[in-house]
Amino acid sequence: MLMFELDGIELEHFHLSGDATPSREDIEVSERLVDAGHIVGIACLDHVIIGEDHYVSMKQRGNMNG
């Protein structure tokens, strides 16, 4: 078993369409990750969506509150 200490995570994923605009599912996943992180003591620092020529930070949009 591997053991390591973790203070927080950052999730990143690509939108194959090239449009980095967060979907309803992206926003819901961000909220669920924040809630789950509270339970296990690991902060979800950000959820970054990468498009063709730009990215969107859910933290900067205010979707990582909790």
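Residues numbered from 1 in each chain as written. Predicted model: local features only at pLDDT ≥ 70, side-chain atom pairs only at ≥ 80, totals over all residues. Heavy atoms only, no water.

Some details on the nonpolar core
Note the cut-off: Residues grouped as a nonpolar core are buried Ala, Val, Leu, Ile, Met, Phe, Trp, Tyr and Cys residues, joined through side-chain atoms within 4.5 Å. Burial classification: accessible surface area is computed with a 1.4 Å probe over protein chains only, and a residue below 20% of its type maximum counts as buried, one above 50% as exposed, and the rest as partly exposed. Only heavy atoms enter the contact rule, under which two residues are in contact if any of them lie within 4.5 Å.
Counting residues in hydrophobic clusters, the biggest one holds 7 residues: Ala20, Val34, Cys44, Ile49, Val56, Met58 and Met64. Once residues lying within four places of it in the same chain are set aside, the contact partners of Val56 are Ala20, Thr21, Pro22, His47, Val48, Ile49 and Arg61.

Examining the environment of Gly37
Quick reminder of the rule: Strands are runs of DSSP state E lasting at least 2 residues, helices are runs of H or I lasting at least 4, and numbering of each runs from the N terminus.
Note that Gly37 resides in helix α1 (residues 24–40). C-alpha separation for the pair Gly37 and Ser17, spaced 20 residues apart in sequence, amounts to 29 Å.

Some thoughts on a negative patch on the surface
Applied cut-off: Like-charged residues are merged into a patch within 9 Å and nonpolar side chains (Val, Leu, Ile, Met, Phe, Trp, Tyr) within 5 Å, provided each residue has over 30% relative accessible area and no salt bridge. Values of accessible area rely on a 1.4 Å probe in the Shrake-Rupley scheme; residue burial ignores everything except the protein chains shown. Basic side-chain nitrogens of Lys or Arg form a salt bridge, by our definition, when they fall within 4 Å of a carboxyl oxygen of Asp or Glu. His is not counted, nor are the chain ends; Lys and Arg add positive charge and Asp and Glu add negative charge. By convention, the point assigned to a charge is CZ for Arg, NZ for Lys, CD for Glu and CG for Asp.
A contiguous patch of negative charge, built from Glu25, Glu28, Glu31 and Asp35, is present on the exposed surface. Within the secondary structure, Glu31 is located in helix α1.

Focus on the environment of Gln60
Its location among the elements puts Gln60 in the segment after β3 (55–57). Given a relative accessible area of 67%, Gln60 falls into the exposed group. Distance in space between the C-alpha atoms of Gln60 and Leu6 is 22 Å, their sequence separation being 54 residues.

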